[in-house]
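An overview of the molecular structure
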Amino acid sequence: GGGQKTFRALLAVPAAGREERGGEGPGAAAVSSPPPPVERGIFWSRELEARVPPGFAAEEAAAWLSAARAARVSALERGGCGRSSNRLARLSDGSRACVRYGINPEQIQGEALSYHLAGVLGMQERLPPMALALVEARGQQWEPVREELRGSHWAEGAVVSLTRWVDNLTAVVAPAPWGAEAGGGRRLRPLAAGDLGGLPPSQLVELVQWSDLILFDYLTANFDRLVSNLFSLQWDPRVMRRATSNLLRAPDGGLVFMDNEAGLVHGYRLLAMWDPYNEPLLRSLCVFREGTARRVAELHRRRSAAAELRRRYRAREPLWERLGFLSERQAELLQARVDFVHRHIAHCRAQ
């Protein structure tokens, strides 16, 4: 009703306001203005995108995945990988991986499908490389840790995920407009081009990555990241000033979208509970990476979101059949969410 109208009105921050703010202060005229961070009203500039840390490059990720699938697990350790059922694995090639054992198989399926959907969307470099593995105590891969497997209570034949371990990651607190404003009990203030004047480059580079994150979490209906913080506001008014769940920062400033097992499968079962948070979060965003918007537009036009995901998943994950794919209903939900994002981007363009 009226609240939604107010929310949309907030999106329309005139560009002129940005120009006026940019010229404030003594000596402003003498300093050359930095290039605008947004092009054509709603897209991050190419200069700004070029500054985004590269994350997990495709070639590097493919090399790690190939090595991890061939390696033996030389040790399993508790701690550092989330739930008590998970383990930190040392692999025979010297690398480490988080081994995630789902409370039920849909969590591992959600992790795998979310990883490959990120590939369809062109943002997989933000997620640590992830492969599926089959728990076989007598198999060659697990032979060195047969005793540890007995103590883990993992079921023989279970499918687990191996996610590359990354050192020196630090916590991330949500920036405005998703941080302190929400924590102050105010409606999420939308991020549009007019809000970016005067922000330092490092903050803009982070916002570019956040724009992909929010779009990704809406498509996957992942409630276990910023949405869970928003949900917790009803008990903890300061939660938005704390670390965001399952989001970490690499030393170069690149964001790492961790632990996506709530996505697509589990999240789609719980839409009624979590979409009242996920949808306003998407609506709070009106600046996008042009490549992301282009891919969404293609998936919308071709109505091919599930088909593209299935093709990529089958081609790149040898164990995909063990967990299966989305149900017909889940595939329809994915396409519907792609269509919703496409309409939202069009709405932002029309402002």
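Whatever comes next refers back to the structure up there.
What comes next concerns the included structure. (Residues numbered from 1 in each chain as written. Predicted model: local features only at pLDDT ≥ 70, side-chain atom pairs only at ≥ 80, totals over all residues. Heavy atoms only, no water.)

Attention now goes to the sheet that holds strand 4 (residues 87–91). Spatially, the five strands line up as an open sheet ordered 3-4-5-7-6, and their pairing is antiparallel. The open sheet is flanked by strand 3 (73–77) and strand 6 (130–134), the only strands paired with a single partner. Here the strands of the sheet are splayed against their neighbours by 35° on average, with no regard to which way each runs. In the packing of helix 4 (residues 58–70) onto the sheet, the strands contacted are strand 4, strand 5 (96–100), strand 6 and strand 7 (159–164), and the crossing angle to strand 7 comes to about 135°. Across the sheet, helix 5 (residues 105–121) lies against strand 5, strand 6 and strand 7, angled at about 145° from strand 6, the strand it touches most. (Pairing = 2+ DSSP bridges. Helix = DSSP H or I, 4+ residues; strand = E, 2+ residues; numbered from the N terminus. Axes fitted to C-alpha atoms, helices over the stretch in contact; angles between N-to-C directions. Contact = heavy atoms within 4.5 Å.)

Moving on: unusual backbone geometry. In most cases, non-glycine residues show a negative phi, while peptide bonds are predominantly trans. Positive phi outside glycine occurs at N168, with the angle close to 60°. The backbone phi angle of N246 is positive, close to 55°, even though this residue is not glycine. Relative to the helices and strands, N246 resides in strand 9 (residues 243–249).

Along the polypeptide, R87 turns up in strand 4. In sequence terms R87 and Y101 are 14 residues apart; their C-alpha atoms lie 8.3 Å from each other. R87 has contacts with L76, E77, R78, C81, A97, C98, V99, G151, S152 and W154, leaving out every residue within four places of it along the chain. Polar side-chain contacts of R87 include one of 2.7 Å to the backbone oxygen of S84. (Polar contact = N/O pair within 3.5 Å; in protein donor to acceptor, adjacent residues only side chain to side chain.)

In summary, the side chains of a regular strand alternate between the two faces of the sheet. Judged by how many residues are buried, strand 6 sits mostly within the fold: five of five residues are covered. Burial along strand 6 is two-sided: M130, L132 and L134 and A131 and A133, pointing in opposite directions, are all buried. Two strands pair when backbone bridges link them, and strand 6 and strand 7 are joined in this way by five bridges, in the antiparallel orientation. Of the residues in strand 7, the one forming a bridge with M130 is T163. (Buried < 20%, exposed > 50% of the residue type's maximum accessible area, 1.4 Å probe, protein only.)

This brings us to the pattern of salt bridges. For the structure on display, the rule yields 21 salt bridges. E308 serves as the salt-bridge partner of R311, at 3.0 Å between the closest nitrogen and oxygen. On the criterion of helical spacing, the pair formed by R311 and E308 is a turn pair, its members being three residues apart in helix 13 (residues 305–316). Look at E308 and you get partly exposed, because its relative accessible area is 22%. (Salt bridge = Lys/Arg side-chain N within 4 Å of Asp/Glu carboxyl O.)

What the three strands build is an open sheet, ordered 8-9-10; its pairing is antiparallel. Taken across any chain shown, the strands that pair with only one partner, and hence form the sheet edges, are strand 8 (170–173) and strand 10 (255–257). Here the strands of the sheet are splayed against their neighbours by 55° on average, with no regard to which way each runs. Here three bridges tie strand 8 to strand 9, and the two strands are oriented antiparallel to one another. Within strand 9, the position partnered with V173 by the bridge is A243. Of the strands in this sheet, strand 8, strand 9 and strand 10 touch helix 8 (residues 201–220), which is tilted by about 10° from strand 10.

Turning next to the state of the cysteines. Scanning the entire structure with this criterion turns up two disulfides. A sulfur-sulfur distance of 2.0 Å marks the disulfide that ties C81 to C98. Between C81 and C98, the S-S torsion sits near -80°, and that sign places the bridge as left-handed. With C81 in the loop between strand 3 and strand 4 and C98 in strand 5, this residue pair connects regions lying 17 residues apart in the sequence. Of the residues examined, C81 reaches a relative accessible area of 4% and is grouped as buried. In this model C286 forms its disulfide with C348; the gap between the sulfur atoms is 1.9 Å. When the S-S torsion is -85°, as for the bridge of C286 with C348, the disulfide is left-handed. (Disulfide = S-S within 2.5 Å.)

What follows covers the packing of aromatic side chains. Aromatic ring pairs are described here by two measures, namely the spacing of the ring centres and the angle between the planes. One pass over the full model with this rule turns up eleven aromatic pairs. Pairing F231 with Y277 gives two aromatic rings, centres 5.5 Å apart and planes at 80°, and the pair type is edge-to-face. Of this pair, F231 sits in helix 9 (residues 226–232) while Y277 sits in helix 11 (residues 271–283), and the two are 46 residues apart along the sequence. Note on W274 and Y277: the rings are 6.2 Å apart at their centroids and 55° apart in plane angle, and the pair reads as tilted. With W274 and Y277 both in helix 11 and three residues apart, this pair spans about one turn of that helix. On the basis of relative accessibility, which here comes to 10%, the residue W274 falls in the buried class. The ring of Y218 is capped by R337, whose NZ or CZ atom sits 4.0 Å from the centre of that ring. (Phe/Tyr/Trp six-rings, centres within 6.5 Å; stacked < 30°, edge-to-face > 60°. Lys NZ or Arg CZ within 6 Å of the ring centre and 35° of its normal.)

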